[in-house]
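# Report on the structure
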Amino acid sequence: MAYDSSKIEEFKDIWVFCEQREGKLMNTDFELISEGRKLADQRGSKLVGLLLGDNVEGIAKELGGYGADKVIVCDDPALKTYTTDAYTKVIADVVMEKKPEVFLIGATNIGRDLGPRCAARLHTGLTADCTHLDIDMETYKNFLREASTVDVDNTKFDESDVNLKMTRPAFGGHLMATIICPRFRPCMSTVRPGVMKKAAFDQAKADACEIEKYEVKLESSDLRTKVVDIVKETRKIVDLVGAEIIVSVGNGISKDTKKGIELAEQLIEAFGGGVLGGSRVAIDEGWLSADHQVGQTGKTVHPKIYVALGISGAIQHKAGMQDSELIIAVNDNADAPIFEVADYGIVGDLFAVVPELIAAINAEKAAK
């Protein structure tokens with residue numbers, strides 16, 4: 001059957017591109033499979049993982065443990081190391097033959113390169129850097145009630161709409177836009193790492209996951225690039241997404257930024273380790289580099305403890321940290337929006353409050 005992206009009735013199932021590097025699945029895969037499971041349940045369809053690589057069939061079952069019903073494995077020596085040409089060709093071949101309704105890709109360095117190229121070949125749209133996904137209209141309306149100022153109950157919606165509703169920050173994070181692709185399939189989006197919650201691993205589901213081998217057809221004419229060597233750069237990585245404790249600073253440190261950052265680092269040390277984060281103001285002012293930014297235009301985090309020092313709590317920042325297990329906020333403005341999501345709020349000057357917090361933590365540790 002010829003491929004025509006406008007014949008949407010021919011497309012079914014939810015697919016996730018599962019990125020591997022050196023034979024190891026990425027954490028983003030498990031997040032997307034977990035989210036894909038929710039979408040597949042909303043749509044009443046199967047969840048399929050698409051795995052490319054060389055000799056990677058052995059790691060495919062793990063994806064079932066997070067919700068995949070089936071994993072299509074494309075195994076070929078030319079796919080061992082990522083190249084745009086090879087991966088785009090193989091993915092386009094599989095999608096044109098199998099016709100998934102939805103195709104999700106992690107917004108990693110590889111995913112951001114791969115997504116637009118695949119979308120162009122497949123003659124469909126792509127929404128980049130999504131932070132929320134829905135298919136079911138009622139679920140989407142509940143999301144709007146919690147995360148937007150839309151008067152949902154007095155707004156008319158197309159209740160029969162089963163398009164993937166892809167929400168992403170726009171205009172520098174000052175606006176959230178929900179985008180649909182009603183005329184073409186698959187509905188494609190790249191999804192920001194760390195945004196979707198990873199489900200608990202289920203060994204029984206992993207054992208039940210179906211593995212399908214796909215015959216890869218790659219000719220030398222398909223490959224215009226060749227990986228000659230891989231050079232790894234060693235540098236300190238700011239791992240906000242994987243951190244269990246994050247202490248973030250905001251505009252409240254403006255009167256003495258050096259001292260404010262030092263206090264945040266001392267608080268991290270008192271906790272026994274963690275990562276320094278910052279609001280958009282802290283990054284825009286140059287107090288911290290961009291890889292420290294928490295929020296919809298930075299990184300979405302879910303640590304065990306999140307401390308917000310001098311952060312007022314703009315909606316973009318709250319959306320990036322409000323699912324933390326425990327939130328502690330320090331701000332001299334009692335009406336700061338950050339207190340709306342905080343488990344513990346302290347109204348006061350952070351330069352006076354933080355030293356007392358550090359002293360209290362150290363005293364408690366000494367007592368034990």
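So, here is what we can say about the structure in this document.

### Some remarks on the pattern of salt bridges
The tally for this structure, following the rule as stated, stands at 20 salt bridges. Residue Arg 37 pairs with Asp 41 through a salt bridge whose shortest N-O separation is 3.1 Å. On the criterion of helical spacing, the pair formed by Arg 37 and Asp 41 is a turn pair, its members being four residues apart in helix α1 (residues 27-43). The exposed category is assigned to Asp 41, whose relative accessible area is 53%. Across the salt bridge formed by Glu 159 and Lys 141, the nearest N and O atoms sit 2.9 Å from each other. Taken together, the residues Glu 159 in the loop between α5 (137-147) and β9 (165-170) and Lys 141 in helix α5 connect sequence positions 18 residues apart. With relative accessibility at 47%, the residue Glu 159 sits in the partly exposed group. Overall, Lys 141 belongs to the buried group, its relative accessible area being 9%. Shared partners join several salt bridges into a network, and the residues in it are Arg 37, Asp 41 and Asp 69.

### Here we look at the packing of helix α3 (residues 84-98) against helix α4 (residues 109-122)
Where α3 contacts α4, the two axes come as close as 9 Å, and the packing angle between them is 45°. Judged on the interaxial angle alone, α4 and α3 are oblique. Regarding α3 and α4, the two cross each other, and that crossing is right-handed. Taking contact as the criterion, the partners of Thr 84, Tyr 87, Thr 88, Lys 89, Ile 91, Ala 92, Val 95 and Met 96 in α3 are, on α4, Asp 113, Leu 114, Arg 117, Cys 118, Arg 121 and Leu 122. Taken together, the residues of the contact of α3 with α4 sort by class into eight nonpolar, two polar and four charged.

### What about the nonpolar core?
Counting 32 residues, the largest nonpolar core has Ile 33, Leu 51, Leu 63, Val 71, Leu 133 and Leu 164 as its most contacted members. Ranked by the residues each element gives to this core, the list is headed by α1, at five residues. Those residues within four positions of Leu 63 in sequence are excluded, and the remaining contacts are Cys 18, Leu 25, Asp 29, Phe 30, Ile 33, Ala 68 and Val 71. Grouped together as the second largest cluster of nonpolar side chains are 29 residues, Leu 50, Phe 103, Leu 122 and Met 188 included.

### Let's talk about the sheet that holds strand β14 (residues 275-278)
The five strands are arranged β14-β13-β15-β16-β17 in an open sheet whose pairing can be described as parallel. Of all the strands in the sheet, the pair left with one neighbour each is β14 and β17 (344-347). With direction set aside, neighbouring strand axes in the sheet form an average angle of 15°. Against the sheet, helix α7 (residues 257-271) engages β13 (245-249), β14 and β15 (305-309), with an angle of about 165° to β13. Sheet strands touched by helix α10 (residues 350-367): β15, β16 (326-331) and β17. Its angle to β16, the strand with the most contacts, is close to 135°.

### Quick notes on the pairing of β15
In regular strands, side chains alternate between the two faces of the sheet. Judged by how many residues are buried, β15 sits mostly within the fold: five of five residues are covered. Residues Ile 305, Val 307 and Leu 309 of β15 are buried on one face, and the alternating residues Tyr 306 and Ala 308, pointing to the opposite face, are buried as well. Note that β13 and β15 share five bridges and pair parallel. The residue of β15 that forms the bridge with Ile 246 is Tyr 306.

### A few points about the environment of Leu 276
The topology assignment puts Leu 276 in strand β14. With relative accessibility at 9%, the residue Leu 276 sits in the buried group. Not counting residues within four places of it along the chain, the set of residues in contact with Leu 276 comprises Val 238, Leu 240, Val 247, Ile 261, Ala 264, Glu 265, Ile 268, Leu 288 and His 292.

### Observations concerning the packing of α7 against α10
Running from N to C, α7 and α10 cross one another at 15°; their axes reach a closest spacing of 9 Å. Judged on the interaxial angle alone, α10 and α7 are roughly parallel. The crossing of α7 and α10 is left-handed. In this structure, α7 uses Lys 259, Gly 260, Leu 263, Gln 266, Leu 267, Glu 269, Ala 270 and Phe 271 to contact α10, whose residues at the interface are Leu 350, Phe 351, Val 354, Pro 355, Leu 357, Ile 358, Ile 361, Asn 362 and Lys 365. The residue inventory of the contact of α7 with α10, partitioned by class, reads eleven nonpolar, three polar and three charged.

### Brief notes about the packing of aromatic side chains
For the coordinates displayed, the defined rule picks out seven aromatic pairs. On the basis of an interplanar angle of 70° and a centroid distance of 4.9 Å, the ring pair of Tyr 82 and Tyr 87 is categorised as edge-to-face. Taken together, the aromatic side chains of Phe 17, Tyr 82 and Tyr 87 make up a single cluster linked through ring pairs.

Calculation rules
- Residues numbered from 1 in each chain as written.
- Predicted model: local features only at pLDDT ≥ 70, side-chain atom pairs only at ≥ 80, totals over all residues.
- Heavy atoms only, no water.
- Salt bridge = Lys/Arg side-chain N within 4 Å of Asp/Glu carboxyl O.
- Helix = DSSP H or I, 4+ residues; strand = E, 2+ residues; numbered from the N terminus.
- Buried < 20%, exposed > 50% of the residue type's maximum accessible area, 1.4 Å probe, protein only.
- Axes fitted to C-alpha atoms, helices over the stretch in contact; angles between N-to-C directions.
- Parallel < 35°, antiparallel > 145°, perpendicular 65-115°, else oblique.
- Left-handed = near helix turned anticlockwise from the far one by under 90°.
- Contact = heavy atoms within 4.5 Å.
- Nonpolar A, V, L, I, M, F, W, Y, C, P; charged D, E, K, R; others polar.
- Core = buried A, V, L, I, M, F, W, Y, C linked by side-chain atoms within 4.5 Å.
- Pairing = 2+ DSSP bridges.
- Phe/Tyr/Trp six-rings, centres within 6.5 Å; stacked < 30°, edge-to-face > 60°.

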